Amino acid sequence: GAAPALADDGVPLPVALFGRLHFPLLHFPIVLLFVVFLLELALKRRLEASKARAVTELLLVVTAVTAVLTAAAGLAYASGEDFDGASYGRFLVHRAVGIGVAVASVVLVVARRADAGLLARLYFPLLCAAVVGVAVTGHAGGELEHGVGFFTRPLDADATSKDGKDGKGGDEPVVSYDDGDSGGDARARQPEGPIPEKPEFKKDI
């Protein structure tokens, strides 16, 4: 739905549509790199080396393909976005490490197929680096989409709600009001708190 608007802003429609694929595609390299890492630890003593290699090599091929597509779609998506200030710094980290993960995924496929030599020796350290890289990329991307401190925000909310703040580092007071049905007991609620699953007009609205 937003793609035509991006096209109006100078981004070609096919590029804008391709950029939207960044979000569904990015889950593949994130998950599969962790799966390959865990399998390398788990299968080393349970399967023959050739069978373990066949399993992890197949997963790495899928990882490499989706990682390259994810990086390309991310670059296409970024062409229609404006980043400034701190968000631009997070974008640079997200872009640089994301491209690095895509390159590392391709190299991992080659290294996994190598029987000996430098690439074979670098395989597992490179896999560990790629796992760390995809975590860093995901964290930076998450903060770009949801704001700084998104991961720890529930902890901040618990810590600040008792102090009468809004749980997001702000200073808005907690709103208390009488529900009218509990003998005058006031129920505290955040100004922008969650909507009840089954709201009652008198109490909630």
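Report on the accompanying structure. (Residues numbered from 1 in each chain as written. Predicted model: local features only at pLDDT ≥ 70, side-chain atom pairs only at ≥ 80, totals over all residues. Heavy atoms only, no water.)

**Description of the packing of helix H4 (residues 27-42) against helix H5 (residues 49-78)**
In step 1: Between H4 and H5, the shortest axis-to-axis distance is 9 Å and the interhelical angle comes to 155°. In terms of their interaxial angle, H4 and H5 are classed as roughly antiparallel. Considering the relative orientation of H4 and H5, their crossing is left-handed. Contacts from Phe28, Pro29, Leu32, Leu33, Val35, Val36, Leu39 and Glu40 of H4 reach H5 at Val55, Thr56, Leu59, Leu60, Val62, Thr63, Thr66, Ala67 and Thr70.
In step 2: Classifying every residue of the contact of H4 with H5 by side-chain character gives 12 nonpolar, four polar and one charged. (Axes fitted to C-alpha atoms, helices over the stretch in contact; angles between N-to-C directions. Helix = DSSP H or I, 4+ residues; strand = E, 2+ residues; numbered from the N terminus. Parallel < 35°, antiparallel > 145°, perpendicular 65-115°, else oblique. Left-handed = near helix turned anticlockwise from the far one by under 90°. Contact = heavy atoms within 4.5 Å. Nonpolar A, V, L, I, M, F, W, Y, C, P; charged D, E, K, R; others polar.)

**Topic: the nonpolar core**
In step 1: Core analysis: the largest hydrophobic core is formed by 14 residues, its most contacted members being Leu33, Val36, Leu60, Leu108, Tyr123, Leu127 and Ala130.
In step 2: Of all the secondary-structure elements, those providing two or more residues to this core are H4, H5, helix H6 (86-113) and helix H7 (118-146). (Core = buried A, V, L, I, M, F, W, Y, C linked by side-chain atoms within 4.5 Å. Buried < 20%, exposed > 50% of the residue type's maximum accessible area, 1.4 Å probe, protein only.)

**Here we look at the packing of helix H2 (residues 13-20) against H5**
In step 1: Across the interface, H2 lies against H5 with an axial gap of 7 Å and an inter-helix angle of 125°. Comparing their axes, H5 and H2 come out oblique. Between H2 and H5 the crossing geometry is left-handed. Residue-level inspection shows Val15, Phe18, Gly19 and Arg20 of H2 in contact with H5, the latter providing Leu69, Ala72, Ala73, Ala76 and Tyr77.
In step 2: When the residues that make up the contact of H2 with H5 are grouped by side-chain class, the tally is seven nonpolar, one polar and one charged.

**Quick notes on the packing of aromatic side chains**
How two aromatic rings sit relative to each other is set out by the distance from centre to centre and by the angle between their planes.
In step 1: Tallied over the full model, the rule gives four aromatic pairs.
In step 2: An angle of 20° between the planes, with centres 5.9 Å apart, marks the rings of Phe37 and Phe124 as stacked. Remark: Phe124 occurs in helix H7 and Phe37 occurs in helix H4; sequence separation between them is 87 residues.
In step 3: On the basis of relative accessible area, Phe37 is assigned to the partly exposed category, the value being 22%.
In step 4: When its relative accessible area of 31% is taken as the criterion, Phe124 is described as partly exposed.
In step 5: Ring plane angle 10° and centroid distance 4.5 Å describe the contact between Phe83 and Phe91, whose orientation is recorded as stacked.
In step 6: Ring-pair connections join several aromatic residues into one group, and the members of that group are Phe83, Tyr88 and Phe91. (Phe/Tyr/Trp six-rings, centres within 6.5 Å; stacked < 30°, edge-to-face > 60°.)

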